[in-house]
Structures are given as structure tokens and as C-alpha cells.
Amino acid sequence: MAALTFNNVWKRYDQVEAVKNLNLDIRDGEFLCLLGPSGCGKSSSLRMIAGLEFISEGEISLGGQRINELEPRHRDIAMVFESYALYPQKTVYDNMANPLRLRKMSKDEIDRRVKETAAILEIERLLGRRPSQLSGGQKQRVAIGRCLVREPKAFLFDEPIAHLDAKLRARMRGELKHIQKTLGTTTVYVTHDQLEGMSMADRIAIMRDGVLQQVATPHEIFNRPANVWVATFIGDPPMNVLNAEVQTADGGLVARAPEYTIAIPDRQAAALSNARLTDGKVQIGIRPEALRLSQTPDAAHPIAGRIYAVQPLGDVEIVDVRVGDERILVKTELGTIQNEDIDVPVFMGYKPEKLYFFDAVTGEAVYE
Ligand SMILES: Nc1ncnc2c1ncn2[C@@H]1O[C@H](COP(=O)(O)OP(=O)(O)OP(=O)(O)O)[C@@H](O)[C@H]1O
Ligand SMILES: [Mg+2]
């Protein structure tokens, strides 16, 4: 086991800057998710750790030692690919034993490690089968097993469950987390799926266009996003963002849009007036689950809109509300709005402490 460090790391492919000055400390034993949309540089970062991609600039170290120049096979790192890369003609046992045989390990030691690993992964009864006789989830476990037997210092996963169906993905999230926590091996897990990051990681490193945006626990990323982009990338449905102008009114600050005025809580007002927003333009963030709906207007429900559509989801429903040119999603109790209520007026309320404010130009979050 060992910590992994990126020090001012760049990855360039000709004209493309895939990873821009990445600085990241992955702790010993940590499960770190590298999260971001397609093309943001996740795989490039991971492949540089594995040694499958040349590091254009900067340094990566494992356990305090620079690994830039080390051959992939000398890095003591195991990478699990999405396409399991199992040998189709070999049994599960032989697939797992193979990397150890290549290292000229003794038969007894190989047997011990394969069986021990199979027990951890609960695939003992599959050892005699060939990959074609396994389900997707089982193949996944064998692929992990084949990495595990080597007892590597770190595990790398690149979207390992992206192609599985939703039900199996949900199960595999739990499985992979269980395995990682049991072994305590430093793990870097690449995904574009915020739900995987939120549910599995000790910490999330979130990237956009090759630039690291924030590194924090899932809880902190969700509750204290660094900027509006992170705020809207995390959460399902994503955070609503409203455009408004900050103005003074009655000795305090308000955020004003043509259709509504939102009083800015005192603790954020001070920060907002210090933040010197460009042209006073602000973006207000509010998560769908933090909004409340009312059919009648009152002071507690100051944002007026009209129902656009409702999506019942079994236990809750997502209400899509049109406010001027903007659309706001509200997650609320099932049955609040009926399918037929299209264009019906509705009024939204919120707890002031649930509001987020972002500089409309830089996107940076403004906290008290
Ligand atoms: N071998 C290559 N040659 C040229 N450009 C590349 C190469 N590999 C990746 N890129 C570019 O580098 C950028 C980052 O790619 P990367 O594969 O790291 O993204 P990613 O975050 O893993 O995306 P995805 O979620 O789609 O897998 C992209 O713009 C991609 O087109
Ligand atoms: Mg990728």
C-alpha cells in the first residue's frame, strides 16, 4: 500500500492539453474517485499512473518514489479495464494464476493466493469455469481477482462497471466498495457517473477540461461545491441555477430577477458585498429537494411559476416548473402535482440556509 501524488502534472497529445497542471495527493488506503464528463482527462491521468501514457510534464510518485521513468510492470500497480481482458480459453483459476506464473512464483504460493483471493471475492465455485460461462458481474470479479493476487500497492479502475445494466451497476458499487474497504488498498477509480463517485469514494477529485475543480469528501462536494459547475454536476436532478442581480433593499441585499425577488440572508450578504460581483450579477443555486411547492401565493413561497410537467418516480416526484424563461426542478412528495396540471400556477419556497450564491462571471461559490 502506498500514497500516490501528482505534482504539477501535464498531459499533452500534440495540440490537445488533456491534463493541465494536476496536483493531487491520494492517501494511503484511500478510495479516490476521479470524476468528470467525457474528455475531461480522467483516463489520461489514470494511464499516466499506470505507465501506459507518457507524462508530458511534472511528476507522479508512489509511496514517496518518483515513478515517471519506471516500466509499467515495475510500478506495482494493478489496472482493471472495462473490457475485462480475460483469456477466453483459460479457466478462472488459470486466469488468476497467470500473472503469478509470469513472476515464477512457486506452485504452492500461487495456489494459496488464488484461493485466498477467490474467497475474498466469493468466486471459489467459479474457479473451474471459463469466462464465457460467467455473467458480466462475475467476469468483473475475476478481472479484479487477477489484479488482487499480485498484491499491488495501488488499484486503478477505469469505468469498470459503465457497461453493466443499472441493477447490476448498483450491486457492483456495493461490491467494489466492500472489496476496497476489506483490502484497504489505495484505489483510484475513474467514472463520469456522479452517483458512483458519491456512493463509493472516500474523496472525489472532480475534473473539467483537464483542470481539477475540487477535491473533497462526497459530503463536502455536495454541500459546499467550489463553483457552479461542480454544484450542477453533482446531484440528481442537478441543482437549479437562477440568474439574478444583487440590489440593496430595506438596508439588506436582495437578488432580483424579473419574476421574483429573493432576500439574501445576512450571513451571505456580507460575503456577497465583499465578493464584488461583476456588474452585480449573481447565480443563485438551489437543489430540487430544498424547494417546497404551494398552490397559493404567500410570503413563504415567493417564486411564482407554472407547471411544465411532473415526473412521478414511485416514492417522490420531480416537478418541472417554468419561471419566465427559466425552468426549475422541484423534488417533492408523490401526488403533490397531478399529471394533468400542465400550466397551473404554482409557488415555490425555500429555506434561506439552503441557498447557494455564485459569481455569475467566474462561477466561484460565495460562502459566508
Ligand atoms: N491518444 C490520444 N491522442 C490525442 N488526443 C487524445 C488521446 N487520448 C485522449 N485524447 C484527448 O485528450 C482529452 C482527454 O481524454 P481522456 O481519454 O483522458 O478523457 P476521459 O475523461 O477519460 O473521457 P471519457 O469519459 O470519454 O473516457 C480528450 O480531448 C481526448 O480527445
Ligand atoms: Mg476515459
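This structure is a prediction, so every number in the text was calculated from the model and none was measured. (Residues numbered from 1 in each chain as written. Chains lettered and ligands numbered in written order. Predicted model: local features only at pLDDT ≥ 70, side-chain atom pairs only at ≥ 80, totals over all residues.)

**Student:** Can you tell me about the overall build of the protein, naming the residues and giving the values?
**Tutor:** Within the protein, the secondary structure is distributed over nine helices and 20 strands. For the protein, the proportion of its 368 residues judged to be buried stands at 37%. Nonlocal contacts in the protein, meaning residues at least 24 apart in sequence, comprise 65% of its contacts between residues at least 6 apart. (Helix = DSSP H or I, 4+ residues; strand = E, 2+ residues; numbered from the N terminus. Buried ≥ 20, exposed ≤ 12 C-beta atoms within 10 Å, placed from the backbone. Contact = placed C-beta atoms within 7 Å.)

**Student:** Could you give me a rundown of helix α2 (residues 92-102), with the residues and numbers involved?
**Tutor:** Among all positions in α2, only V92, Y93, N95, M96, A97 and L100 are buried. Residues of α2 that are buried in the fold lie against α3 (107-121) and α4 (136-148). Positive phi shows up at K104, right after α2, with a value of about 60 degrees.

**Student:** Give a description of the environment of A226 that names residues and reports values.
**Tutor:** Summarising the element assignment, A226 is placed in the loop between α7 (218-223) and α8 (228-233). In this structure the C-alpha to C-alpha distance between A226 and V366, which are 140 residues apart in sequence, comes to 8.6 Å. Those residues within four positions of A226 in sequence are excluded, and the remaining contacts are Q213, Q214 and A365.

**Student:** With reference to specific residues and values, describe unusual backbone geometry.
**Tutor:** Following D236, the chain continues into P237 via a peptide bond in cis, with omega recorded as -5 degrees. Unlike most non-glycine residues, D14 shows phi in positive territory, near 45 degrees. Relative to the assigned elements, D14 resides in the loop between β1 (4-13) and β2 (16-26). At E159, a position not held by glycine, the phi torsion is positive, near 45 degrees. Tracing the backbone shows E159 in the loop between β7 (154-158) and α5 (166-183).

**Student:** Residues and numbers for the domain arrangement of the protein, please.
**Tutor:** Each domain of the protein was delimited in the assignment, giving domain 1 (4-233) and domain 2 (240-359). With four residues of domain 1 in contact, the opposing surface of domain 2 contributes five residues. In terms of residue class, the side of domain 1 that touches domain 2 is made up of two nonpolar, two polar and no charged. (Domains from an automatic or database assignment. Nonpolar A, V, L, I, M, F, W, Y, C, P; charged D, E, K, R; others polar.)

**Student:** Go over the site of ligand 1 with me, naming the residues and quoting the values.
**Tutor:** Taken together, the neighbourhood of ligand 1 is formed by Y13, V16, A18, G36, S38, G39, C40, G41, K42, S43, S44 and H192. Mapped by element, the contributors of at least two residues to the shell around ligand 1 are β2 and α1 (42-50). Here the element with the most residues in the shell around ligand 1 is α1; it accounts for three residues. Among the residues making up the shell around ligand 1, the classes are represented as four nonpolar, seven polar and one charged. (Near = placed C-beta within 6 Å.)

**Student:** Can you tell me about the packing of α2 against α4, naming the residues and giving the values?
**Tutor:** Running from amino to carboxyl end, α2 crosses α4 at an angle of 30 degrees, the nearest separation of the two axes being 7 Å. By the angle between their axes, α2 is roughly parallel relative to α4. Viewed along their axes, α2 and α4 form a crossing whose handedness is right-handed. Each of V92, N95, M96 and P99 in α2 lies in contact with α4, whose residues at this interface are V142, G145 and R146. Grouping the constituent residues of the contact of α2 with α4 by class yields four nonpolar, two polar and one charged. (Axes fitted to C-alpha atoms, helices over the stretch in contact; angles between N-to-C directions. Parallel < 35°, antiparallel > 145°, perpendicular 65-115°, else oblique. Left-handed = near helix turned anticlockwise from the far one by under 90°.)

**Student:** Help me get a handle on the environment of C33, residues and values and all.
**Tutor:** Among the structural elements, C33 can be located in strand β3 (residues 31-35). The exposure class assigned to C33 is buried, which follows from the 27 C-beta atoms found within 10 Å. A C-alpha to C-alpha distance of 8.0 Å links C33 and I206, two positions 173 residues apart in sequence. Excluding residues that lie within four positions of it along the chain, C33 makes contacts with Y189, T191, E196, G197, M200, A201 and I204.

**Student:** Hey, could you go over the nonpolar core for me, with residue numbers and the actual values?
**Tutor:** Counting 96 residues, the largest nonpolar core has L34, V80, L156, V188 and V282 as its most contacted members. Shared between two domains, this core holds at least three residues of each, these being domain 1 (4-233) and domain 2 (240-359). Those residues in contact with V282, other than ones at most four positions away along the chain, are A244, E245, V246, A255, L272, L277, F357, F358 and A360. (Core = buried A, V, L, I, M, F, W, Y, C linked by C-beta atoms within 7 Å.)

**Student:** I'd like a description of the sheet that holds strand β20 (residues 356-359), backed by residues and values.
**Tutor:** With antiparallel pairing, the five strands of this open sheet are ordered in space as β13-β12-β11-β14-β20. Two strands in the sheet have a free side with no partner beyond their single neighbour: β13 (260-263) and β20. The mean angle between the axes of side-by-side strands here comes to 40 degrees, regardless of whether they run parallel or antiparallel. Inspection of the sheet shows strand β11 (residues 240-249) paired to strand β14 (residues 281-286) by six bridges, in the antiparallel sense. Across the sheet, L242 pairs through a bridge with I284, a residue of β14. The sheet contacts of helix α9 (residues 266-275) involve β11, β12 (252-257), β14 and β20, and relative to β12 the element is tilted by about 75 degrees. (Pairing = 2+ DSSP bridges.)

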